[in-house]
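# Descriptive structure summary
Single-letter residue listing:
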Amino acid sequence: MATPENEAAPRTSNIDVRRGQPLVVISDVQKHYGDFQALKDIDLTVNRGEVVVVIGPSGSGKSTLCRTINRLETITSGTITIDGKELPKEGKGLAELRADVGMVFQSFNLFAHLTILENVTLGPIKVKGMKKPEAEALARKLLDRVGVGQQAAKLPAQLSGGQQQRVAIARALAMQPKLMLFDEPTSALDPEMINEVLDVMVTLAQEGMTMIVVTHEMGFARKAADRVVFMADGQIVEEATPDEFFTHPKSDRAKDFLSKLITH
């Protein structure tokens with residue numbers, strides 16, 4: 001029986017089922033810091049509606065890769081395209097691209113002197129030219145969606161870390177992005193706050209948001225990812241469905257990484 005248009009298609013661990021057209025294409029990307037090569041021969045395609053979780057040991061290049069996708073880090077060579085367009089180097093084109101790519105960092109990066117509502121409406125008003133009433137209506141809807149609607153009039157310092165990170169997610173969503181990047185979004189949080197952020201991210205994944213997530217949270221990778229990308233020493237060593245990766249890792253590096261997770 002066909003799925004009605006307003007209902008989400010059932011999720012599945014088969015990564016081919018949810019694949020749409022390629023949204024992000026990373027081809028032969030290299031990144032050097034002086035003599036140190038942080039990214040080596042990176043080839044990765046992320047399709048519309050796909051959730052790709054990037055994992056690996058510290059220093060493996062995960063965050064660097066994430067930050068190259070909206071050009072917070074410049075690449076030494078290779079190409080990155082988003083929705084068929086190569087990343088602009090600077091100027092208006094780069095600003096437009098960043099408006100299409102939401103990013104959530106380890107630190108919440110909220111403006112301390114603005115209310116929660118003002119933090120979320122700033123981008124739509126300043127960058128997208130949205131009228132204030134429309135931006136506020138969108139912001140309130142998104143704050144409700146991430147479970148902090150009651151906090152709209154407060155300043156960031158009055159919120160817990162988990163609440164602030166959920167506001168940061170709402171702020172990124174307010175730009176109505178094509179893609180969401182998450183760079184270790186829970187690593188600065190106390191343990192009891194981690195799940196409240198991951199729950200929001202799982203819901204986004206289930207709603208079909210294209211997501212690239214760098215994380216140490218293996219439970220999230222198992223639950224929400226269509227594909228796990230394992231990095232080590234600046235390279236993609238292995239990529240597979242979560243079930244394949246966690247039960248039958250192919251590379252020695254991945255087996256070693258997973259054995260340390262299990263034993264400590």
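Residues numbered from 1 in each chain as written. Predicted model: local features only at pLDDT ≥ 70, side-chain atom pairs only at ≥ 80, totals over all residues. Heavy atoms only, no water.

One open sheet accounts for 6 strands, arranged 6-7-8-3-9-10; its pairing is mixed. In this open sheet, the two strands that pair with only one neighbour each are strand 6 (101-104) and strand 10 (235-240). Across the sheet, the axes of successive neighbouring strands diverge by a mean angle of 20 degrees, strand direction being ignored. As defined by bridge partners, strand 3 (residues 51-55) adjoins strand 8 (residues 211-214) across 4 bridges and the pair is classed as parallel. Bridge pairing in strand 8 links Val52 to Ile212. (Pairing = 2+ DSSP bridges. Helix = DSSP H or I, 4+ residues; strand = E, 2+ residues; numbered from the N terminus. Axes fitted to C-alpha atoms, helices over the stretch in contact; angles between N-to-C directions.)

Our next topic: the confidence of the model for the protein. Per-chain confidence: the protein averages 88 in pLDDT, with 92% of residues scoring 70 or above. Note that pLDDT drops below 50 for residues 1-18; the model gives that stretch 23 contacts with residues more than four away or on any other chain. (pLDDT = per-residue confidence, 0-100. Contact = heavy atoms within 4.5 Å.)

Another aspect to go through is the side chain of Gln151. In this fold, Gln151 is placed in the loop between helix 4 (132-145) and helix 5 (161-174). Of note is the side chain of Gln151, whose polar atom sits 2.9 Å from the side chain of Lys154. (Polar contact = N/O pair within 3.5 Å; in protein donor to acceptor, adjacent residues only side chain to side chain.)

Taking 1.5 Å per residue, 14 residues should reach 20 Å; helix 5 reaches 20 Å between its end C-alpha atoms and fits that length. Burial runs high along helix 5: 14 of the 14 residues are buried. (Expected span 1.5 Å × (residues − 1). Buried < 20%, exposed > 50% of the residue type's maximum accessible area, 1.4 Å probe, protein only.)

In this structure, the largest pocket spans a volume of roughly 540 Å³. Around the largest pocket sit 22 residues that line it, and Arg98, Val101, Met103, Arg171 and Met175 are the ones nearest its centre. At the level of elements, helix 2 (91-100), strand 6, helix 3 (116-126) and helix 5 are the ones that each hand at least two residues to the lining of the largest pocket. For the lining of the largest pocket, the class distribution of residues is 14 nonpolar, 5 polar and 3 charged. Roughly 170 Å³ of internal volume is contained in the second largest pocket. Lining the second largest pocket, in full, are Ile82, Asp83, Lys85, Glu86, Leu87, Pro88, Gly93, Glu96, Leu97, Asp100 and Lys178. If you tally residues by element for the lining of the second largest pocket, the top one is helix 2, at 4 residues. (1 Å grid on protein atoms, 1.4 Å probe; cavity = no way out; pocket = protein on both sides within 12 Å on 5 of 7 lines; lining within 4 Å. Points joined across faces, edges and corners; volume = space filled by probe spheres on them. Nonpolar A, V, L, I, M, F, W, Y, C, P; charged D, E, K, R; others polar.)

Moving on: the sheet that holds strand 5 (residues 85-86). Ordered by their spatial adjacency, 4 strands build an open sheet running 2-1-4-5, and the pairing between neighbours is antiparallel. Looking at the sheet topology across the chains shown, the edges are occupied by strand 2 (36-47) and strand 5.

Our focus in this paragraph is helix 4. A rise of 1.5 Å per residue sets the reference length of helix 4, with its 14 residues, at 20 Å; its end C-alpha atoms lie 20 Å apart and thus fit the reference within 8%. What helix 4 keeps buried is the set Ala135, Leu138, Ala139, Leu142 and Leu143. Around the axis of helix 4, the buried residues are gathered within 135 degrees of arc, so they sit on the same side. More than 90 degrees from the buried face of helix 4, the exposed residues found are Pro133, Lys141 and Asp144. Elements in contact with the buried residues of helix 4: helix 3 and helix 5. (Arc of directions from axis to C-beta.)

A few words now on the packing of aromatic side chains. If you walk through the whole model with that rule in mind, you get 3 aromatic pairs. Between Phe230 and Phe257, the ring centres sit 5.3 Å apart and the planes meet at 50 degrees, which makes this aromatic pair tilted. Placement of Phe230 in strand 9 (residues 227-232) and of Phe257 in helix 9 (residues 252-263) is noted, with a sequence separation of 27 residues between them. On the basis of relative accessibility, which here comes to 0%, the residue Phe230 falls in the buried class. Centre to centre, the rings of Phe245 and Phe246 are 5.3 Å apart; their planes meet at 80 degrees, and the pair counts as edge-to-face. Its relative accessible area of 0% is what places Phe245 among the buried residues. On the accessibility criterion, Phe246 (12% relative accessible area) is buried. Positioned above the aromatic ring of Tyr33 is the side chain of Lys31, whose terminal nitrogen or guanidinium carbon lies 4.6 Å from the ring centre. (Phe/Tyr/Trp six-rings, centres within 6.5 Å; stacked < 30°, edge-to-face > 60°. Lys NZ or Arg CZ within 6 Å of the ring centre and 35° of its normal.)

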